[in-house]
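# Inside the fold
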Amino acid sequence: MMSAPVVSCCRRLLVTLLLALLAGCVTQETTPFNKRDQAKAVEAYIALSIAYLRDGNAQMAKESLQKAKALDPDNPALFSATAYLFQWQGEPQLAEENYRKALSRNPQFSEARNNYGVFLYSQGRYDEAISELLKVAEDPLYAQRHQAYENLGYCALKKNDSALAIHYFSKALKINENQPNALLEMADLMLQAGNLSAANAHMGRFRDLLKMRQAEASARSYWIELQLARAQGNHDLEASNALKLKGLFPDSEEYRSYLKQSGRVP
């Protein structure tokens with residue numbers, strides 16, 4: 001559910017752009033920010049902190065948040081970013097405290113609520129996560145609404161409710177058909193239901209995203225391809241995906257599952 005960390009070169013570019021923005025926020029006549037510049041600076045510092053954190057630099061992320069706090073200590077986005085920092089550092093109590101502060105300041109802050117839902121999921125609190133994520137999904141103006149539905153699908157999977165998972169993943173793909181994870185999960189769910197045509201359709205769309213470099217192959221994608229090939233009696237394709245699992249992901253749970261199914265448990 002959580003997005004992957006950005007690579008260092010992207011972070012450096014973002015740092016350069018944000019520092020330029022911060023420099024532009026200072027007036028020539030005087031050092032203090034006016035209200036408009038202050039809001040821009042707070043936004044820039046918060047974005048910079050997230051960029052640093054995704055690059056694994058918690059100290060610089062913390063320093064950026066401190067600068068934002070000095071300018072606007074009651075900013076909802078500041079609390080949300082601070083929550084993300086504490087979540088990253090493995091301090092769930094402080095993370096939750098800050099997510100709640102962000103939402104108490106701005107109950108319509110869908111980005112923070114979505115992140116809070118992800119946090120609750122990570123804590124195994126699936127019913128609470130669903131409650132928060134449904135509120136996000138009901139916000140038609142939230143740009144990442146499809147992600148909220150995808151996250152709801154994962155919550156449903158954890159509750160072993162395949163029908164509900166299919167419902168949520170389908171909603172996610174109706175809003176944005178280019179969601180690799182939702183496509184994989186739908187392919188797997190259709191495969192489990194014995195609907196090979198639908199499973200093939202979802203995997204076909206996933207393969208299209210691979211070709212366009214909008215998705216990455218993983219142990220999970222090879223595992224689903226393997227099972228789909230087996231269900232269709234395509235032994236060559238099954239063997240090909242097994243080799244990919246062995247060569248690229250020998251320590252994965254998916255490869256261990258393949259060995260167990262094949263009666264070759266080490």
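A brief look at the structure comes next. (Residues numbered from 1 in each chain as written. Predicted model: local features only at pLDDT ≥ 70, side-chain atom pairs only at ≥ 80, totals over all residues. Heavy atoms only, no water.)

### Quick word on the overall build of the protein
Scanning the protein from terminus to terminus reveals 14 helices and zero strands. Counted from the first residue to the last, the protein has its helices and strands arranged as α-α-α-α-α-α-α-α-α-α-α-α-α-α. Summarising the internal contacts of the protein: among those between residues at least 6 apart in sequence, 47% fall at separations of at least 24. (Helix = DSSP H or I, 4+ residues; strand = E, 2+ residues; numbered from the N terminus. Contact = heavy atoms within 4.5 Å.)

### As for the packing of aromatic side chains
Under the counting rule described, the total for this entry stands at eight aromatic pairs. Ring geometry for Tyr 222 versus Phe 249: centroids 6.2 Å apart, planes at 50 degrees, classification tilted. With a gap of 27 residues between them, Tyr 222 in helix α12 (residues 219-231) and Phe 249 in the loop between α13 (235-248) and α14 (253-261) connect regions that are remote in the sequence. Residue Tyr 222 is classed as buried on the basis of its relative accessible area, which comes to 13%. Three or more aromatic residues link up through ring pairs in this structure, and these residues are Tyr 99, Tyr 116 and Phe 119. (Phe/Tyr/Trp six-rings, centres within 6.5 Å; stacked < 30°, edge-to-face > 60°. Buried < 20%, exposed > 50% of the residue type's maximum accessible area, 1.4 Å probe, protein only.)

### Observations regarding the packing of α12 against α14
Two elements in contact, α12 and α14, have axes separated by 9 Å at closest approach and are oriented at 30 degrees. When the interaxial angle is binned, α12 and α14 end up roughly parallel. Residue-level contacts link Ala 219, Arg 220, Trp 223, Leu 226, Gln 227 and Arg 230 of α12 to Glu 254, Ser 257, Tyr 258 and Gln 261 of α14. Classifying every residue of the contact of α12 with α14 gives four nonpolar, three polar and three charged. (Axes fitted to C-alpha atoms, helices over the stretch in contact; angles between N-to-C directions. Parallel < 35°, antiparallel > 145°, perpendicular 65-115°, else oblique. Nonpolar A, V, L, I, M, F, W, Y, C, P; charged D, E, K, R; others polar.)

### Notes on helix α3 (residues 58-71)
Compared with the 20 Å implied by 1.5 Å per residue over 14 residues, the 20 Å span of α3 between its first and last C-alpha is a close match. Residues of α3 that are buried: Ala 58, Ala 61, Ser 64, Leu 65 and Ala 68. The buried residues of α3 all sit within an arc of 125 degrees when viewed along its axis, so they share a single face. (Expected span 1.5 Å × (residues − 1). Arc of directions from axis to C-beta.)

### Some words on the environment of Asn 200
The residue Asn 200 is located in helix α11 (residues 196-211) in this model. Sequence separation of Asn 200 and Met 190 is 10 residues, and the distance between their C-alpha atoms is 8.8 Å.

### Concerning the packing of α12 against α13
Between two packed helices, the angle of one axis relative to the other and the distance separating the axes together describe the packing. Where α12 contacts α13, the axes come no closer than 8 Å and their chain directions differ by 160 degrees. Relative to α13, the element α12 is oriented roughly antiparallel. In the crossing of α12 with α13, the sense of the turn from one axis to the other is left-handed. Residues Ala 219, Tyr 222, Trp 223, Glu 225, Leu 226, Ala 229 and Arg 230 of α12 lie in contact with α13, whose contacting residues are Leu 237, Glu 238, Asn 241, Ala 242, Lys 244, Leu 245 and Leu 248. Taken together, the residues that form the contact of α12 with α13 break down as nine nonpolar, one polar and four charged. (Left-handed = near helix turned anticlockwise from the far one by under 90°.)

### Some details on unusual backbone geometry
Positioned with a positive phi, Asn 160 is a non-glycine residue whose angle comes to about 60 degrees. When you line up the elements, Asn 160 lands in the loop between α8 (145-158) and α9 (162-175).

### Here's the deal with the pattern of salt bridges
What the rule picks out here adds up to 14 salt bridges. When the shortest N-O distance is used, the salt bridge between Glu 96 and Arg 100 registers 3.4 Å. In this pair, Glu 96 and Arg 100 both sit in helix α5 (residues 92-105), four residues apart, roughly one turn of the helix. Residue Glu 96 is classed as buried on the basis of its relative accessible area, which comes to 14%. With a closest N to O distance of 2.9 Å, Glu 128 and Arg 125 form a salt bridge. Take Arg 125: its relative accessible area is 24%, and that puts it in the partly exposed class. (Salt bridge = Lys/Arg side-chain N within 4 Å of Asp/Glu carboxyl O.)

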